[in-house]
Amino acid sequence: MKNEMEIIFDAVSDNESFARVAVAAFITHLNPTVEEMADIKTAVSEAVTNSIIHGYGNLQGCGRTGRACPPEQKEIHPGKVRISCRLENGILHIEIADTGRGIEDVEKAMEPLYTTRPDLERSGMGFAFMEAFMDDLEVESTPGEGTTVRMVKKIGIGEWIA
Amino acid sequence: MEQIRVGDFKVIDNCLMIRLPEEIDHHGAGLICENADKYLIRDEVQNVIFDFEKTRFMDSSGIGIIMGRYRKISCFGGRVYAIHLDRQIERIFQLSGLNKIVEVLES
Ligand SMILES: Nc1ncnc2c1ncn2[C@@H]1O[C@H](COP(=O)(O)OP(=O)(O)OP(=O)(O)O)[C@@H](O)[C@H]1O
Ligand SMILES: [Mg+2]
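If you're wondering where the values come from, they're calculated on a predicted model, not measured in any experiment. (Residues numbered from 1 in each chain as written. Chains lettered and ligands numbered in written order. Predicted model: local features only at pLDDT ≥ 70, side-chain atom pairs only at ≥ 80, totals over all residues. Heavy atoms only, no water.)

Draft legend 1. Layout of the overall build of chain A. For chain A, the count of helices and strands is four helices and five strands. In chain A, the succession of helices and strands from N to C terminus is β-α-α-β-β-α-α-β-β. The buried share among the 162 residues of chain A stands at 52%. Taking the contacts inside chain A whose residues are at least 6 apart along the sequence as the reference set, 64% of them involve residues at least 24 apart. (Helix = DSSP H or I, 4+ residues; strand = E, 2+ residues; numbered from the N terminus. Buried < 20%, exposed > 50% of the residue type's maximum accessible area, 1.4 Å probe, protein only. Contact = heavy atoms within 4.5 Å.)

Draft legend 2. Fine view of the nonpolar core. Counting 38 residues, the largest nonpolar core has Ile40(A), Val44(A), Ile83(A), Ile94(A), Ile96(A), Phe127(A) and Met151(A) as the members making the most contacts within it. Here this core takes seven residues from helix α2 (residues 34-55) of chain A, the largest share from any one element. Leaving out residues up to four positions away in the same chain, Ile83(A) has contacts with Met5(A), Glu6(A), Ile7(A), Phe9(A), Ala19(A), Val23(A), Val44(A), Val48(A), Ile94(A), Glu95(A) and Ile96(A). Counting residues in hydrophobic clusters, the runner-up holds 34 residues, among them Phe133(A), Ile32(B), Val48(B) and Val80(B). (Core = buried A, V, L, I, M, F, W, Y, C linked by side-chain atoms within 4.5 Å.)

Draft legend 3. Up close: the layout of surface pockets. Residue and element names in this part refer to chain A. Here the largest pocket is characterised by a volume of approximately 590 Å³. Residue lining of the largest pocket: 29 residues in total, with His54, Ile103, Ala109, Thr116 and Phe127 positioned closest to the centre. Going through the elements one at a time, α2, α3 (106-109), α4 (126-133) and β5 (146-154) are the ones with two or more residues in the lining of the largest pocket. Here the element with the most residues in the lining of the largest pocket is α2; it accounts for seven residues. Along the lines of polarity and charge, the residues of the lining of the largest pocket split into eight nonpolar, 13 polar and eight charged. (1 Å grid on protein atoms, 1.4 Å probe; cavity = no way out; pocket = protein on both sides within 12 Å on 5 of 7 lines; lining within 4 Å. Points joined across faces, edges and corners; volume = space filled by probe spheres on them. Nonpolar A, V, L, I, M, F, W, Y, C, P; charged D, E, K, R; others polar.)

Draft legend 4. Geometry of the sheet that holds strand β4 (residues 136-142) of chain A. Residue and element names in this part refer to chain A. The strand order across the open sheet built from five strands is β1-β2-β3-β5-β4, with neighbouring strands paired in antiparallel fashion. What marks the edges here is a single partner per strand, and that holds for β1 (2-10) and β4. The sheet shows a mean angle of 10° between the axes of neighbouring strands, taken without regard to direction. Across nine bridges, the pairing between β1 and strand β2 (residues 80-88) is antiparallel. Along β2, the bridge assignment pairs Glu6 with Ser84. Its contacts with the sheet put helix α1 (residues 15-27) on β1, β2 and β3 (91-98), and the angle it makes with β1 is roughly 170°. (Pairing = 2+ DSSP bridges. Axes fitted to C-alpha atoms, helices over the stretch in contact; angles between N-to-C directions.)

Draft legend 5. Local environment of the pattern of salt bridges. Within this structure, the stated rule accounts for 19 salt bridges over all chains. Note that Lys80(A) is salt-bridged to Asp10(A), the shortest N-O span being 2.6 Å. Of the two residues, Lys80(A) sits in strand β2 while Asp10(A) sits in strand β1, which places them 70 residues apart along the sequence. Exposure remark for Lys80(A): the relative accessible area of 42% places this residue in the partly exposed category. The exposure class assigned to Asp10(A) is partly exposed, which follows from its relative accessible area of 23%. Note that Asp37(B) and Arg69(B) form a salt bridge whose closest N and O atoms lie 2.8 Å from each other. Here Asp37(B) is found in helix α2 (residues 26-42), whereas its partner Arg69(B) is found in helix α3 (residues 60-74), with 32 residues between them in sequence. (Salt bridge = Lys/Arg side-chain N within 4 Å of Asp/Glu carboxyl O.)

Draft legend 6. Broad picture of the interface of chain B and chain A. Facing 23 residues of chain B, the contacting portion of chain A comprises 28 residues. For the chain B and chain A pair, buried surface summed over both sides reaches about 2,100 Å², with 49% attributable to carbon and sulfur atoms. Summed over the shared surface of chain B and chain A, the result is six salt bridges. With its nearest N and O atoms 2.8 Å apart, the salt bridge here joins Glu23(B) to Arg20(A). (Buried area = accessible area lost by both parts, 1.4 Å probe.)

Here it is as structure tokens:
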């Protein structure tokens, strides 16, 4: 049994809650536990936020809510974030991709507490949470081309509930 | 409406009490910090209490909010407290080491 979905949206902070709620809604029929649901929402939020802030440099408030951009940001990067999900035999495969700046040294970026944006009060825990909350995490990135994060998580009893 | 996203701020004695919103992510984090810092400066409060009673979601953006406020008040001897953590937020506190600098109060 297989089920797939894909969403593509503007890389603005307004879409962060939409992204995690969309993935959560996609898996509800598998009856995930409250904890599994929270794990997946956190992991999705981390990867999407990374694409928005680091991939495209779109800071908080640079969306469609009518708030002015913070002074350090001149214009909104028009880039998109793509999320594709595949459910197969009770296992969720998520891919979150951007075509932004990319990462020079992926291994270093994945170290807990490592951040290139302490000025934005980032804590360098995003990848550490993805790793802790999901069963598998893989990061592929090319500087100047973009970043793709792949995560896997087994959900509930692993049976398809129609 | 704004309160749902930003939370609720109250100064009691030398303590800033922040009732955090339902969801804490990068989108709302900037406004929470801006508001908190306004009170920290204007009322010269010494300590901050983060109340997670209404909070159902938090990602690493929440750590930035708490660490940032901690840095601002700890050099003046201020302390940071947290209350009403659910299981997920407690795990986030442990994984990030926040529980070493923040005193988690029993609810
Ligand atoms: N999609 C991306 N594009 C470009 N750089 C990225 C991307 N994702 C992560 N990075 C880089 O990897 C670093 C570590 O990411 P991580 O999510 O662990 O921490 P952070 O985002 O800096 O802080 P936090 O997630 O705790 O707020 C980032 O500081 C950034 O330099
Ligand atoms: Mg991050």
